[in-house]
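# Breakdown of the fold
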Number of protein chains: 2
Amino acid sequence: MAKILAQKGSDKKATISRKAASLFRKHGFAQTSMRSLGEHLGVEASSLYNHIGSKNELLQNICFKVANDFMKAWESVDQLPDSIIKKLEKLIRFHIHKMLTDYDEVYVSNHEWKQLQEPYLSNFLHQRRLYEKRLIELVGMGIQTKELKKMDAGVAVFTILSAVRGLELWHSTKNQLTTNQLADQLVDQLLFGLVKKQ
Amino acid sequence: MAKILAQKGSDKKATISRKAASLFRKHGFAQTSMRSLGEHLGVEASSLYNHIGSKNELLQNICFKVANDFMKAWESVDQLPDSIIKKLEKLIRFHIHKMLTDYDEVYVSNHEWKQLQEPYLSNFLHQRRLYEKRLIELVGMGIQTKELKKMDAGVAVFTILSAVRGLELWHSTKNQLTTNQLADQLVDQLLFGLVKKQ
DNA sequence: CCTACCGATCGGTAGG
DNA sequence: CCTACCGATCGGTAGG
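Quantities reported herein were computed from a predicted structural model and do not represent experimental measurements. (Residues numbered from 1 in each chain as written. Chains lettered and ligands numbered in written order. Predicted model: local features only at pLDDT ≥ 70, side-chain atom pairs only at ≥ 80, totals over all residues. Heavy atoms only, no water.)

This brings us to the overall build of chain A. Across its full length, chain A holds 10 helices and 0 strands. When its helices and strands are written in sequence order, chain A yields α-α-α-α-α-α-α-α-α-α. When the backbone C-alpha atoms are referred to their principal axes, chain A occupies close to 65 × 40 × 30 Å. Counting every position in chain A, which comprises 198 residues, the buried fraction comes to 49%. About 10,100 Å² of surface is accessible on chain A, with carbon and sulfur atoms providing 52% of the total. Taking the 29 positively charged and 21 negatively charged side chains of chain A as two groups, their mean positions are separated by 2 Å. (Helix = DSSP H or I, 4+ residues; strand = E, 2+ residues; numbered from the N terminus. Buried < 20%, exposed > 50% of the residue type's maximum accessible area, 1.4 Å probe, protein only. Areas by Shrake-Rupley, 256 points an atom, 1.4 Å probe, with all protein chains shown as cover. Lys, Arg positive; Asp, Glu negative; His and termini not counted. Charge placed at Lys NZ, Arg CZ, Asp CG, Glu CD.)

Shown next as structure tokens:
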């Protein structure tokens, strides 16, 4: 192996974390060995333990970083005096942007959180449920103000979250669209549907 | 362990497969050991090899069964003289129905296919891409006939597939809705959107 | 269907 | 940052 850990001071941990996210996404957390991670960084597995505490700690950092970023996005959208529809649009656009810029981390957070150990597992689930609850309240308000159709707000929110999350499946597909074109269509499709109005 | 493999002739293999699907879904394929599978069936791991060839064979059977079922559903929908919108609705409803009735198998097929070995991996991916291609062609026809909005058909299809697949995330949530109410809302939301018409 | 076992691989530590 | 190593666990086989 020719590669070597970045020399510049304290960013070695960040380098390890980024490579771990990449391998966890490609092969899964359990199927990624510390030996393989070391090999991709040009060191022995045992050397990694000078910079990190454990394999599980790597997963924890990834999952909670992503969860916190989404929570912060919600807070910044919530405090502005936009319409419900505009707030939903902004959140959908943030999900798309986050997925495209931090693909490995978002993917790992979505798929591998089950491998977290207690108390991190409960903590992560609590944070995710809180985020979902806030989105459901937002949609519920939109129904009350008649901006949105009468519907089950929970189903609506999970459908939106599933659709934006689905970007991870074809993120790499050779699609001609720019990020903005992609976001425009997704927002339009989710808010206004596929069928042409008469 | 008190439980024992079903005695009645040749359905032992099916019993093993069902329990494997359940464990693969709950803990993942790699994290499910043959020792654990045996324990849940009341036998030693080594005894399982009298009925199956390998751990990987269990995964192959699950993934290809699901892939074939979706392909058959497409064929049966395709040959009827419905409108494009009606065909899309029927396919969406089949996805929902399949997810709710064969939850473990569909979930495992969606998440664990990466663990298939060659040549099964290539075979599975080929079949999935063919299915997606057919849906994209269907949406493309709908755009041509002006039943559907002008849009990128690939994005539209992946959004639909992601949304119905998202059912797996809240399949168990205490939702008051019946299967039919759920399907009705999902179809309406995907085809006609969230926003109330003026 | 079981006991006994193989070779491989794992996360992590000791000690330098 | 490395060598050397530990105890645990894995999929699978031999032989009955």
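Picking up after the structure, the text goes on.
Time to look at the protein's contact with DNA strand C. Taken together, 16 residues are adjacent to DNA strand C, and Arg 35 and Tyr 49 of chain A together with Glu 44, Ser 47 and Asn 50 of chain B come closest. Restricting attention to atoms of DNA strand C within 4 Å of the protein, one finds that 52% of them are sugar or phosphate atoms. At 2.7 Å from a phosphate oxygen of DNA strand C is found a side-chain nitrogen or oxygen belonging to Tyr 49 of chain A. Residue Ser 47 of chain B places a side-chain N or O atom 2.6 Å away from a phosphate oxygen belonging to DNA strand C. When residues of the surface near DNA strand C are traced back to their parent elements, those giving at least two are helix H2 (34–41) of chain A together with helix H3 (45–48) of chain B. Considering only residue class, the surface near DNA strand C consists of 4 nonpolar, 7 polar and 5 charged. (Near = heavy atom within 4 Å. Polar contact = N/O pair within 3.5 Å; in protein donor to acceptor, adjacent residues only side chain to side chain. Nonpolar A, V, L, I, M, F, W, Y, C, P; charged D, E, K, R; others polar.)

Quick look at the domain arrangement of chain A now. In many analyses, interface size is given as the accessible surface area lost on bringing the parts together. Residue and element names in this part refer to chain A. Per the domain assignment, the segments of chain A are domain 1 (12–48) and domain 2 (55–190). On a C-alpha basis, the centroid separation for the pair domain 1 and domain 2 is 27 Å. Facing the 15 residues of domain 1 at the interface are 14 residues of domain 2. Both sides of the domain 1 and domain 2 interface together cover about 1,200 Å² of buried area, and 70% of this is carbon and sulfur. If you sort the residues of domain 1 by the area they bury against domain 2, Phe 24, Arg 25 and Phe 29 come out on top, with a joint share of 52%. At the surface where domain 1 touches domain 2, the tally comes to 2 salt bridges. At the boundary of domain 1 with domain 2, the tally comes to 4 residue pairs in polar contact (both at pLDDT 80 or more). In terms of residue count, the dominant contributor to the side of domain 1 that touches domain 2 is helix H1 (residues 12–27) (9 residues). For the side of domain 1 that touches domain 2, a count of residues per class yields 8 nonpolar, 4 polar and 3 charged. (Domains from an automatic or database assignment. Contact = heavy atoms within 4.5 Å. Buried area = accessible area lost by both parts, 1.4 Å probe. Salt bridge = Lys/Arg side-chain N within 4 Å of Asp/Glu carboxyl O.)

A separate point is the packing of H1 of chain A against helix H4 (residues 55–78) of chain A. Residues and elements named next belong to chain A. Interaxial distance between H1 and H4 falls to 10 Å at its minimum, and their mutual angle equals 85°. With respect to H4, the axis of H1 lies roughly perpendicular. Contact residues: Lys 13, Ile 16, Ser 17, Ala 20, Ala 21 and Phe 24 in H1; Lys 55, Glu 57, Leu 58, Leu 59, Asn 61 and Ile 62 in H4. For the contact of H1 with H4, the per-class residue count stands at 7 nonpolar, 2 polar and 3 charged. (Axes fitted to C-alpha atoms, helices over the stretch in contact; angles between N-to-C directions. Parallel < 35°, antiparallel > 145°, perpendicular 65-115°, else oblique.)

Neighbouring DNA strand D are 16 residues, the closest being Ser 47 and Asn 50 of chain A together with Arg 35, Tyr 49 and Lys 55 of chain B. One of the side-chain nitrogen or oxygen atoms of Arg 35 of chain B is found 2.7 Å away from a base nitrogen of DNA strand D.

This part covers H2 of chain A. Residue and element names in this part refer to chain A. Among the residues of H2, those classed as buried are Met 34, Leu 37, Gly 38 and Leu 41. Looking straight down H2, one finds its buried side chains confined to an arc of 100°; they lie on one side. Gly 42 occupies a position one or two residues after H2 and carries a positive phi of about 80°. (Arc of directions from axis to C-beta.)

A few words now on empty space enclosed by the protein. Applying the stated criterion across every chain yields a total of 4 cavities of 30 Å³ or more. Of the pockets and cavities examined, the largest cavity occupies roughly 100 Å³. Taken together, Ser 162, Arg 165, Gly 166, Glu 168 and Leu 169 of chain A together with Ser 162, Arg 165, Gly 166, Glu 168 and Leu 169 of chain B make up the full set of residues lining the largest cavity. (1 Å grid on protein atoms, 1.4 Å probe; cavity = no way out; pocket = protein on both sides within 12 Å on 5 of 7 lines; lining within 4 Å. Points joined across faces, edges and corners; volume = space filled by probe spheres on them.)

Facing the 40 residues of chain A at the interface are 39 residues of chain B. Note on chain A versus chain B: buried area summed over both sides is about 3,900 Å², and carbon and sulfur give 60% of it. In this structure, the salt-bridge partner of Asp 188 of chain B is Lys 149 of chain A, at a minimum N-O distance of 2.8 Å. If you look at where chain A meets chain B, you find 20 residue pairs in polar contact (both at pLDDT 80 or more). Split by residue class, the side of chain A that touches chain B holds 20 nonpolar, 10 polar and 10 charged.

On to the packing of H4 of chain A against helix H5 (residues 84–101) of chain A. Residues and elements named next belong to chain A. Where H4 contacts H5, the axes come no closer than 10 Å and their chain directions differ by 155°. Taken together, H4 and H5 sit at an angle that is classed as roughly antiparallel. Our pair here, H4 against H5, has a crossing hand that is right-handed. Every residue of H5 that contacts H4 at Lys 65, Asp 69, Phe 70, Ala 73, Trp 74, Val 77 and Asp 78 is listed here: Lys 87, Lys 90, Leu 91, Phe 94, His 95 and Lys 98. Residue classes in the contact of H4 with H5 are distributed as 6 nonpolar, 1 polar and 6 charged. (Left-handed = near helix turned anticlockwise from the far one by under 90°.)

Take H5 of chain A next. In a regular helix each residue adds 1.5 Å, so 18 residues correspond to 26 Å; H5 of chain A covers 26 Å between its end C-alpha atoms and thus fits that length. Buried-residue contacts for H5 of chain A involve H4, helix H6 (103–112), helix H7 (120–144), helix H8 (153–165), helix H9 (167–170) and helix H10 (179–192) of chain A. (Expected span 1.5 Å × (residues − 1).)

Describing an aromatic ring pair means giving the distance of the ring centres and the angle of the ring planes. All told, the structure shown has 14 aromatic pairs over all chains when counted by the stated rule. Taking the centre distance of 6.0 Å and the plane angle of 70° together, the rings of Tyr 103 of chain B and Tyr 107 of chain B count as edge-to-face. With Tyr 103 of chain B and Tyr 107 of chain B both in helix H6 (residues 103–112) and 4 residues apart, this pair spans about one turn of that helix. Given a relative accessible area of 14%, Tyr 103 of chain B falls into the buried group. Among the aromatic residues, ring-to-ring pairing joins Phe 64, Trp 113, Tyr 120 and Phe 124 of chain A into one connected group. Positioned over the ring face of Phe 29 of chain A is Lys 55 of chain A, at 4.5 Å from the centre of the ring. (Phe/Tyr/Trp six-rings, centres within 6.5 Å; stacked < 30°, edge-to-face > 60°. Lys NZ or Arg CZ within 6 Å of the ring centre and 35° of its normal.)

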